[in-house]
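These are the residues of each chain, in order.
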Amino acid sequence: MTHGGVRVQGTVLALAQRPSKGGSMLVSDSLNLTPNEGVVGDHGKSKRRQVTILDVSLWEAACVEAGTSLPWTTRRANILVQDIDLQNLVGKKIRIGTASAEVLGEVDPCHVMDAAHLGLKAAMKSEWRGGVYARILKEGRVKIEDKITLNQSSQ
């Protein structure tokens, strides 16, 4: 689905949470999202950056540019998606599975990316390859193959 030429429907490919700071990612078939906790079971407790969303094609492009092939969980994002223009969702409300969220901004790559592979942080700087972050507005559950869509009220 497009809205003004922008892809506004994507598909969830994979899900993960960060049970502890710097610890291994826990891949899951579903995630519970709440306004109080963000991703339930995730260590991050920011009121703004409650869930992170990463585009599979942009992640793969960053890896190619850095000369490596790494699993998407290296990025430490919660939701891996395809077929949606994340950059154009900033400032908009979206539905992810049965939850609603507001996309607030770009995730800037940090030193952890260079620790995974030297040059990965620089490769992620362009085209919003680090993904976006959002805050949860309405509690719900997201599963693999769920759609991400623009909420009608924010069009």
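Everything here concerns the structure above.
Keep in mind the model is a prediction, meaning the values are calculated, not measured.

Another aspect to go through is the sheet that holds strand β5 (residues 30–34). As summarised here, the arrangement of the 3 strands in space is β6-β5-β12, forming an open sheet in which the pairing is antiparallel. Edge positions in the sheet fall to β6 (38–39) and β12 (140–143), since each of these pairs with one other strand and no more. The sheet contact formed by β5 and β12 spans 4 bridges and is antiparallel. Looking across to β12, one finds that L31 is bridged to V142.

Now for the environment of E106. Position of E106 among the secondary structure elements: in strand β10 (residues 99–106). For E106, a relative accessible area of 25% translates into the label partly exposed. Residues in contact with E106, not counting those within four places in the same chain, are K125, W128, G131, V132 and Y133.

Inside soluble globular proteins, nonpolar side chains tend to come together where they are buried. One finds L33, I53, I79, I94, I96 and V142 to be the most contacted residues of the largest nonpolar core, which totals 24 residues. At the level of elements, β3 (9–17), β5, β7 (51–55), β8 (79–82), β9 (93–96), β10, β11 (132–138) and β13 (147–150) are the ones that each hand at least two residues to this core. Sequence-distant contacts of I79, defined by excluding residues within four places in its chain, comprise V12, A14, L15, L31, V51, T52, I53, L54, W72, I96 and V142. Among the nonpolar cores identified, the runner-up in size contains 16 residues, and A62, A66, A77 and L120 belong to it.

Glancing now at the side chain of R76. Following the sequence through the fold, R76 ends up in the loop between α1 (56–66) and β8. For the buried residue R76, which engages in no salt bridge, the nearest side chain bearing the opposite charge is D42, 7.2 Å off. Once residues lying within four places of it in the same chain are set aside, the contact partners of R76 are R18, S20, G22, G23, M25, T52 and V112.

Attention now moves to the environment of G140. Mapped onto the fold, G140 is located in strand β12. Judged by its relative accessible area of 11%, G140 falls in the buried class. Sequence-wise, G140 and G91 are 49 residues apart; in three dimensions their C-alpha atoms are separated by 20 Å.

Reading guide: rules and limits
- Residues numbered from 1 in each chain as written.
- Predicted model: local features only at pLDDT ≥ 70, side-chain atom pairs only at ≥ 80, totals over all residues.
- Heavy atoms only, no water.
- Pairing = 2+ DSSP bridges.
- Helix = DSSP H or I, 4+ residues; strand = E, 2+ residues; numbered from the N terminus.
- Buried < 20%, exposed > 50% of the residue type's maximum accessible area, 1.4 Å probe, protein only.
- Contact = heavy atoms within 4.5 Å.
- Core = buried A, V, L, I, M, F, W, Y, C linked by side-chain atoms within 4.5 Å.
- Lys, Arg positive; Asp, Glu negative; His and termini not counted.
- Salt bridge = Lys/Arg side-chain N within 4 Å of Asp/Glu carboxyl O.

By themselves these figures say nothing about function.
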